[in-house]
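Next come the chains, spelled out residue by residue.
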Amino acid sequence: MDTNKFTKDMLMNFDTRVVDNFSCISMYVAQRLFLASRASQILPNQIGITLATDTGPYQSVKKVQSKIIEKGFVGINPSEFPNIMLSSCLCRISTYLNICGPSIAFYLTGPLSEAIKYAKIQIKMKRCLANIILHTNEDRKCFGIFLEKRANAIGRGMPFRFELK
Amino acid sequence: MMSDMKEKIVISAVGTLSAAGKSLDQYFNTLLNKACLLKEEKILNIVNAKYQKAIGIDYDHSMDEYYSRIIYIAVSALKNALKDWNGDVTKFKKIGLVIGSGLGLTDCLMSRTDRNTSSENLLSILVQDISRKCELNCETIYISNACAAGSQAISYGMDLLACNENDLIIAGGIDVLSVTAYAGFSRLMSIDINGCKPFDKNRRGISVGEGATFFILEKESSLKNEKRKMYCELCGAGISNDAFHIVQMRSDGEAIMDAVDDALKMAKINKNDIETIIAHGTGTLQNDKIESQIIKSFFPQTYQSIFVTAPKSVIGHIGGASGAFGMLTAIAILKNGKIPPIASLDEIDPSISIRLVKNKYVRYQPKVIMVNAFGFGGTNVILLCKKIDK
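Our subject in this report is the structure included herewith. Please read all numbers here as calculations on a predicted model, not as lab measurements.

## What about the interface of chain A and chain B?
At the junction of the two partners, chain A supplies 53 residues and chain B supplies 65 residues. Summed over both partners, the interface of chain A with chain B buries about 5,100 Å², with 61% contributed by carbon and sulfur atoms. Joining chain A to chain B, the criterion identifies three salt bridges. Ionic pairing is found between E165(B) and K117(A), a salt bridge with its closest N-O pair at 3.7 Å. Inspection of the region where chain A meets chain B yields 23 residue pairs in polar contact (both at pLDDT 80 or more).

Structure, rendered in C-alpha cells:
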C-alpha cells in the first residue's frame, strides 16, 4: 500500500487519534493479509509478526523531538511518545489482530530477505506456524507477505503463490 | 511444539562496557558490592547537557557527539568480547553480528532540520557502522524491539547457528542515555528520581542507564581442539507477544508463561530444574508485581526455593541492552557460584512472596538460570542458560 493512497479511516473499528501513520498503514496491510489468509483459523500464539523498516517511525521521532526542543520535556504528549518506538507499531498490529506469537522489529540496510529469513527460521524452529512480514517505510509504502508452514497451509486448504526453500 | 536443538550452542566470550565496569569480573563485583550507579542527579546532568547541545546552533557537533558515544561504547564492548574470545575470525566463513537496541541513534535526529534520504534512513545504520568500525566482515542484523531487543538478538543468534545459517555469531545489546527517551519516560511518570528499587514496597519506577554487552556464540563442536572458554550453554529461548497494550503488561501473564513453556521444551528441561531467575525487575509497580505473580503461578512447587535477583537495581534500565545485561549476570553467577543481591531492596513488597536475594549475596551454584526480558509493546523473551560440566 502506498502511503499516498492511504488514509486513516481505511482502518476499521480503531481509534487512530494518537496513532501515527507508520502504525496505521502497517496495521492496515497486516489486516488485509490476515483476512486474505483466513489466519483466524490459526491459534493466536502460532502466528508471529516481523516488522522491517529502513526509516523507522521517522515523523513521530521528529514530532516528539521538536516538542522537546520547543517546550522542554513537558511539551511531550505522553500518549504520542510511544510512537517513536518500533515496538509500539508491533504492539498495535498484534493487539488489533490478536497475534501472540514471536514478534520482532528490524531496521534494515539491505533487502527484505533478512526479515523473511527471520520469519522462516521462527517457523522452522517451531515457534509459530505462520508469520506476517511487513516492510514499512515512512511516507513511502508498506509491503506485506504472509508466510506459513507448507503442511499447515495445505491442511487449511489455502492456496499459495511461492514456496521458500 | 518447539524444535529440538541438535547441537549445543555455547557462549565462548563476553565483552561489556557500562558504568558497572568493562569486564565480566568488574561488572559482577559491582553487583556484589551493591554499588548503585549513575545517581539520578548525574543522569540529569548528562541528559541536560545533551539537551542543551541539541538545541544549540552547531547541530553537527551535537549529532556527532551522540553518535560517537554510542559507537564508542558498542565498539569497545565488542572488541572486549573478541579479545576475551581469543579466536581467529578468518577460520569462520559466515559470521553474523546481531545487535539489539531500543532507541539506537534516535537522538542523532534531534537537531537535524534537513529532510533528506540520509536523515530518513539514519536510524537503520547503527549496526552496519559498528561492524565497519570493528573491521568485521560479517552479516549485520539490527533488532529494535524496545527492552526485549538484546535478549531477542541472543535468541536469534542461537537460531541462526542451530539452522546452520552462520558458523559464528556475535550477539548482544547497546543503548545510551537519550534525551528523547528520558523526556518520554518522565512524561509517562515512569522514572523514580530516588533510583529504582525492584520489588521494594516503596518502588516508584525505573532508573535509566547505558552500556553495551556482547557475547560470542558458537556450536560446541567448533571448540574441539581449541583452547577457548565455554561460559555456558544456551539451551532454550521462548518468544511471545502479550497483544495487550503499548506500554502496559498483561496482568494474567499468559503470553509470558507460553514463552517460558516454549523455552523449557526447547531445552528439554523440567520447570523444577530452574534454580535462579534474573528478573526483568524494572522497579515499576506493575512490572514487578506481575512478574512475581507469574513466577509463583508457573513454578507453584519451587517458587519459594528459586533465587530471584534484578541487576537493574545497580545498572538501571539499559533499554534494549537490558536482556543482554541479564544474560551477563547469569554467566557471572554460573562462573562464580554467587547470586548478587538486589541492591536497593530495603523492604520487600508484602504482596510479593518469591525468594528475592536481599542484603547480601547468596553462595549457590545453580545449574540452570532463566533470564527474563519483557519489552514495551508486549514482546516477551525468555532465555535459558546452563552450566557446562567440565
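Read on, since the account is not over.
## Let's talk about helix α9 (residues 285-298) of chain B
All names here are of chain B. The end-to-end C-alpha separation of α9 is 20 Å, in line with the 20 Å expected for 14 residues at 1.5 Å each. Within the sequence span of α9, burial applies to N287, D288, I290, E291, S292, I294, I295 and F298. Residues of α9 that are buried sit in contact with α8 (254-267), β7 (276-278), β8 (307-309) and β12 (368-374).

## What to know about the packing of helix α2 (residues 58-71) of chain A against helix α7 (residues 179-187) of chain B
Helix-helix packing: each pair is described by the crossing angle between the helix axes and the interaxial distance. Following both chains from N to C, one finds α2(A) and α7(B) inclined at 80°, their axes separated by 10 Å at the closest point. In this view, α2(A) runs roughly perpendicular relative to α7(B), as classed from their interaxial angle. In contact with V64(A), Q65(A) and I68(A) of α2(A), α7(B) contributes V179(B), T180(B) and A183(B). When its residues are assigned to classes, the contact of α2(A) with α7(B) shows four nonpolar, two polar and no charged.

## Points about the packing of α8(B) against α9(B)
All names here are of chain B. At a minimum axis separation of 10 Å, α8 and α9 run at an interaxial angle of 50°. Here α8 is positioned oblique relative to α9, judged by the angle of their axes. The handedness of the crossing between α8 and α9 comes out as right-handed. Residue-level contacts link I256, M257, V260, D261 and L264 of α8 to I294, S297 and F298 of α9. Taken together, the residues of the contact of α8 with α9 break down into six nonpolar, one polar and one charged.

## A closer look at a positive patch on the surface
A grouping of K124(A), K126(A), K149(A) and K6(B) is seen on the molecular surface, where their side chains present a positively charged patch. Looking at the element boundaries, K149(A) is found in the loop between β4 (142-148) and α5 (150-155).

## What to know about α7(B)
Residue and element names in this part refer to chain B. Within α7, seven of the nine residues are buried, which leaves the element mostly enclosed by the surrounding structure. By the burial criterion, the buried members of α7 are V179, T180, A181, Y182, A183, G184 and F185. The backbone nitrogen of T180 lies 3.2 Å from a side-chain oxygen of the residue at the head of α7, namely S178. Just past α7, the residue M189 takes up positive phi, approximately 55°.

## With respect to empty space enclosed by the protein
This model, assessed by the stated rule, comprises five cavities of 30 Å³ or more. A volume near 50 Å³ is recorded for the second largest cavity. As for the second largest cavity, its lining consists of I84(A), M85(A), L86(A), Y107(A), G102(B), L103(B), G104(B), L105(B), T106(B), L123(B), Y142(B) and S144(B).

## Notes on the packing of aromatic side chains
Enumeration over the complete set of coordinates arrives at twelve aromatic pairs over all chains. An angle of 50° between the planes, with centres 5.9 Å apart, marks the rings of Y27(B) and F325(B) as tilted. Taken together, the residues span a long stretch of sequence, with Y27(B) in helix α1 (residues 24-32) and F325(B) in helix α11 (residues 322-336) at a distance of 298 residues. The pair Y27(B) / F325(B) is uniform in exposure class, with both members buried. Ring geometry for F307(B) and Y364(B): centres 5.2 Å apart, planes at 55°, overall tilted. A residue pair is termed long-range when its members are at least 10 positions apart, and F307(B) in strand β8 and Y364(B) in the loop between β11 (362-363) and β12 qualify at 57 residues. A relative accessible area of 30% places Y364(B) in the partly exposed class. What links up through ring pairs into an aromatic cluster is the set F81(A), F185(B) and F376(B). Geometry around F298(B) places K271(B) over its ring, the cationic atom sitting 4.2 Å from the centre.

Rules behind the numbers
- Residues numbered from 1 in each chain as written.
- Chains lettered and ligands numbered in written order.
- Predicted model: local features only at pLDDT ≥ 70, side-chain atom pairs only at ≥ 80, totals over all residues.
- Heavy atoms only, no water.
- Contact = heavy atoms within 4.5 Å.
- Buried area = accessible area lost by both parts, 1.4 Å probe.
- Salt bridge = Lys/Arg side-chain N within 4 Å of Asp/Glu carboxyl O.
- Polar contact = N/O pair within 3.5 Å; in protein donor to acceptor, adjacent residues only side chain to side chain.
- Helix = DSSP H or I, 4+ residues; strand = E, 2+ residues; numbered from the N terminus.
- Expected span 1.5 Å × (residues − 1).
- Buried < 20%, exposed > 50% of the residue type's maximum accessible area, 1.4 Å probe, protein only.
- Axes fitted to C-alpha atoms, helices over the stretch in contact; angles between N-to-C directions.
- Parallel < 35°, antiparallel > 145°, perpendicular 65-115°, else oblique.
- Nonpolar A, V, L, I, M, F, W, Y, C, P; charged D, E, K, R; others polar.
- Left-handed = near helix turned anticlockwise from the far one by under 90°.
- Patch = residues over 30% accessible without salt bridge, like charges linked within 9 Å, V, L, I, M, F, W, Y side chains within 5 Å.
- Areas by Shrake-Rupley, 256 points an atom, 1.4 Å probe, with all protein chains shown as cover.
- Lys, Arg positive; Asp, Glu negative; His and termini not counted.
- Charge placed at Lys NZ, Arg CZ, Asp CG, Glu CD.
- 1 Å grid on protein atoms, 1.4 Å probe; cavity = no way out; pocket = protein on both sides within 12 Å on 5 of 7 lines; lining within 4 Å.
- Points joined across faces, edges and corners; volume = space filled by probe spheres on them.
- Phe/Tyr/Trp six-rings, centres within 6.5 Å; stacked < 30°, edge-to-face > 60°.
- Lys NZ or Arg CZ within 6 Å of the ring centre and 35° of its normal.

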